[in-house]
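Tertiary structure, described
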Amino acid sequence: SIESSCFPLSFYMTCRAAYLSVFRSSLVNMTSKDQLCSVLQQAGRNPSQKALDKYWPPGTKKLNFDDFCEILKKEKTAEPDQLMRIFKKFDTNCDGYISHDELSRILTSSGEKMSPKEVDEVFSLADVNKDGKLDYAEFCRLLESTVEQCQTAALEKLEADAKLKRQNFGNQLDNSPQSLESQPELPASEIQPRTDRSSSRPSSARSRRSPLSTAITMGSGSTKSGRLAEPKSLQDWHHTLMRGCFYLEEDGTIVSLQYRLIIPETTSIYLTIRPLNLSPIPDKPSPWMCVDTALYVVTGNETKEDSNLVCFTELRDKERFLWRGELSAGSYLLLPFTTGCRLMKRTRKTATKTAQLVNRTQSGELELTKEFKAALSDIFEVIDLDGSGLLSLEEYNFFEQRTSGEKCDEDAWAICKENFDTRKNELTRQGFLELNLMEANDREGDPRDLWLTLEAMGYNRKHAELMFYCEDVKATLQAVHLDSGIKMLNSAVQRSITSKAEARSLKGHENVLVYTYKGESRISSVIANKSNQKVTVHINNEQSKNCVSSRGMSVFAVEVPPRTKMVCQHVMALNEQQEWTYSCVETIIPSL
């Protein structure tokens, strides 16, 4: 389990607002007593030097955001009435004013003594009427108003950032503050990891140390979500359908097509991805229907690794994963994703190779077997990206790229159209079968190349279908690349996890952080190594129940290079109709 502080949400937001008024992130540590004083003042406190010495005893090198929250809870706000009573004690004339000389005498000779220069600076700010006298009632009112304005401004900035994050991630759930699901997730880059500190830290901070284990229990029936209802007028929106396929390579890498989306102007978007059922039998869906899918929307050039994550299909409704929000005019890349938890490499039986792909008729002519035709028909469904029942040259070339590594040019395509069944200058399903029969004839019935085609297109595959709706404008969606964006996709997956999850440092290793994200149907983790040396993290999932890891193992190790983030694993339920528990222990393996 993860230990956490129990603060009211309003207090926690005040803490964050004050902290982010001084630091760019709440992941940044306070490294001096002056910084602690500044942050406390931003929160409306006026700590004495004695109080600061208590919170920052000798030997203290740094305090974190959690420490600040504990300190702020103890420090009371300076009340205007209390300040007024103090000022009245020094108002010898009882006229509501204190002269510069009186103020200087008080501040330089009693309490925490100030220098004459500091007194002058205070008086220049406090002499609101510029008459050489301090109207302390007006000063108290101004001080109270300034504190409130600073706090309000900081909270408004924080709320604006949260609204922006909700918009970027399409969070259009219940916006009432009581709904935990509607509260914006805090960027992990702004969450201070709980780490071990020296004994000079406050006792309350010393007691909160980062655990080495994470335990999360997920309920059964997690496929039933439906929290994001379809827009009532969705049938009137412009929509585009695209298909694709995930391929599991020999090295375990999963590759798929990328899609380019061009939106002419800002519009509301409803985006879904789901497995594509190719089974002709209604009560017997395709075996890959249980495989999870997701779609990441990024901005950037498909030829470059750097990109910005815009949103991803985080919500789930049965087998569909979806996102709803608003996208600005521009060009986007859509990157399909599956965790691999249910797309594992299978050991092929030797007998599989003996299956017949072609036969010879009584007249000696070659023909495709019924089984081979069925397999090619499935392949046709996958490469028919727009679901039109026809193959364009662009669609056919994705097939060629996958199976032969080459592309069909315009001249070769013209020959195909002359010899095989086409419609609207595109290849029909029958024409696709005829083309493969011709290749079988070219090889005089040798099935080896045909098997290579099936292995490239068929083994360990998983088909997916994208549905893209635009409310006000008609967008352009087209497939652009096959498997060239693996690094870009990995980066998007990492950012989706670190932007939604809390960062925890491993015990005794404050520069090694673990981000654990809980989604609708999966749990994902990222390990960030901020040190200048590589680290090896031992992962143990043996206490998990009813789970499967994308690593295919319950115990393994991850080597993370210096200054690098790496996806550790994705975990899903083996049986979604039963409760499942994710229990993971992470440990640093010492270097030899």
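Residues numbered from 1 in each chain as written. Predicted model: local features only at pLDDT ≥ 70, side-chain atom pairs only at ≥ 80, totals over all residues. Heavy atoms only, no water.

Keep this limit in mind: UniProt positions are given in the numbering used here, feature names are shortened, and annotations may be inferred rather than shown by experiment.
Looking at an unreviewed UniProt entry, one finds the protein chain named EF-hand calcium-binding domain-containing protein 7, with Cyprinus carpio as its source organism. Taken from UniProt, the Subcellular location (unreviewed entry) comment for the protein chain reads in full: "Cell projection, Cilium membrane".

1. Describing helix α10 (residues 370–383)
Rules: Here a helix means four or more residues in a row that DSSP labels H or I, a strand means two or more in a row labelled E, and each is numbered from the N terminus. Every helix has an expected span of 1.5 Å times one less than the residues it contains. Working definition: with a 1.4 Å probe on protein chains only, accessible area under 20% of the residue-type maximum means buried, over 50% means exposed, and in between means partly exposed.
For α10, with 14 residues, the first-to-last C-alpha span of 20 Å sits near the 20 Å given by 1.5 Å per residue. Every buried residue of α10 is accounted for by Phe372, Leu376, Ile379, Phe380, Glu381, Val382 and Ile383.

2. Focus: the pattern of salt bridges
Note the threshold: Here, a salt bridge means any side-chain nitrogen of Lys or Arg that lies within 4 Å of a carboxyl oxygen of Asp or Glu.
Taken as a whole and judged by the stated rule, the model has ten salt bridges. Close ionic contact of Lys33 with Asp53 constitutes a salt bridge, the shortest N to O distance being 2.5 Å. Note that Lys33 is positioned in helix α2 (residues 33–42) and Asp53 in helix α3 (residues 49–55), a separation of 20 residues in sequence. Of the charged contacts in the structure, one is a salt bridge between Lys62 and Glu510, with a shortest N-O distance of 2.7 Å. Residue Lys62 is located in the loop between α3 and α4 (65–74), and its partner Glu510 is located in strand β20 (residues 509–518); the two are separated by 448 residues in the primary sequence. For Lys62, a relative accessible area of 26% gives the class partly exposed. Overlapping salt bridges bring together Arg243, Glu381 and Arg429 as one network.

3. A few points about empty space enclosed by the protein
Inclusion rule: Of the two site types, the cavity is a set of points on a 1 Å grid over the protein atoms alone where a 1.4 Å probe fits but cannot get out, and the pocket is an open set with protein on both sides within 12 Å along at least five of seven lines, each lined by residues with an atom within 4 Å of a point. Grid points are joined across faces, edges and corners, and a volume is the space filled by probe spheres set on the points. Lys, Arg, Asp and Glu make up the charged group, whereas Ala, Val, Leu, Ile, Met, Phe, Trp, Tyr, Cys and Pro make up the nonpolar group; the residues left over, Gly among them, are polar.
Inspection of the entire model under this criterion finds four cavities of 30 Å³ or more. Looking at side-chain class alone, the lining of the largest cavity contains four nonpolar, four polar and four charged residues. Space inside the second largest cavity adds up to approximately 80 Å³. Lining of the second largest cavity is provided by 13 residues; of these, Tyr247, Leu257, Ile383, Leu385 and Phe398 occupy positions nearest its centre. Secondary-structure elements contributing two or more residues to the lining of the second largest cavity are β4 (238–248), α10 and α11 (393–403). With four residues, α11 is the single largest residue contributor to the lining of the second largest cavity. Tallied by class, the residues present in the lining of the second largest cavity amount to ten nonpolar, one polar and two charged.

4. Quick look at the sheet that holds strand β22 (residues 535–540)
Quick reminder of the rule: Paired strands, in this sense, are two strands between which DSSP finds at least two bridges. Orientation is described by lines fitted to C-alpha atoms, with helices fitted over the stretch in contact, and by angles between N-to-C directions that extend from 0 to 180 degrees.
In spatial order, the strands read β3-β26-β22-β24; together these four strands make up an open sheet with antiparallel pairing. Each end of this open sheet is capped by a strand with a single partner; those strands are β3 (213–218) and β24 (555–560). Looking at each pair of strands side by side, their axes are set apart by 20° on average, direction ignored. Taken together, the five bridges between β22 and strand β26 (residues 580–589) define a ladder with antiparallel strand orientation. By the bridge assignment for β26, Thr536 is matched with Ile589.

5. With respect to the packing of α10 against helix α13 (residues 429–442)
For any two helices packed against each other, the geometry comes down to the angle between their axes and how far apart the axes lie. Definition in use: In these notes the angle categories are as follows: under 35 degrees is roughly parallel, over 145 is roughly antiparallel, 65 to 115 is roughly perpendicular, and the rest is oblique. The handedness criterion is simple: a crossing whose near helix is rotated anticlockwise from the far helix by less than a right angle is left-handed, and one whose near helix is rotated clockwise is right-handed. The contact definition used throughout considers only heavy atoms, calling two residues in contact when any of these lie within 4.5 Å.
Put simply, α10 and α13 touch, their axes get as near as 10 Å, and they point 125° apart. With respect to their mutual orientation, α10 and α13 come out oblique. In terms of crossing hand, the pair formed by α10 and α13 is right-handed. In contact with Lys373, Leu376, Ser377, Ile379, Phe380, Glu381 and Ile383 of α10, α13 contributes Arg429, Phe432, Leu433 and Asn436.

6. Thoughts on the packing of aromatic side chains
The condition is simple: Only rings of Phe, Tyr and Trp enter the pairing, Trp through its six-membered ring, and a pair is recorded when the two centres are within 6.5 Å. The plane angle decides the type: under 30 degrees is stacked, over 60 is edge-to-face, the rest tilted.
Using the criterion set out here, one finds nine aromatic pairs in the structure. Ring plane angle 85° and centroid distance 5.6 Å describe the contact between Tyr296 and Phe337, whose orientation is recorded as edge-to-face. With Tyr296 in strand β8 (residues 294–299) and Phe337 in strand β12 (residues 330–337), this pair connects stretches of sequence that are 41 residues apart. Looking at Phe337, the relative accessible area reads 8%, which means it is buried. Here the aromatic rings of Phe380 and Phe432 are separated by 5.9 Å at their centres, their planes lie at 50°, and the arrangement is tilted.

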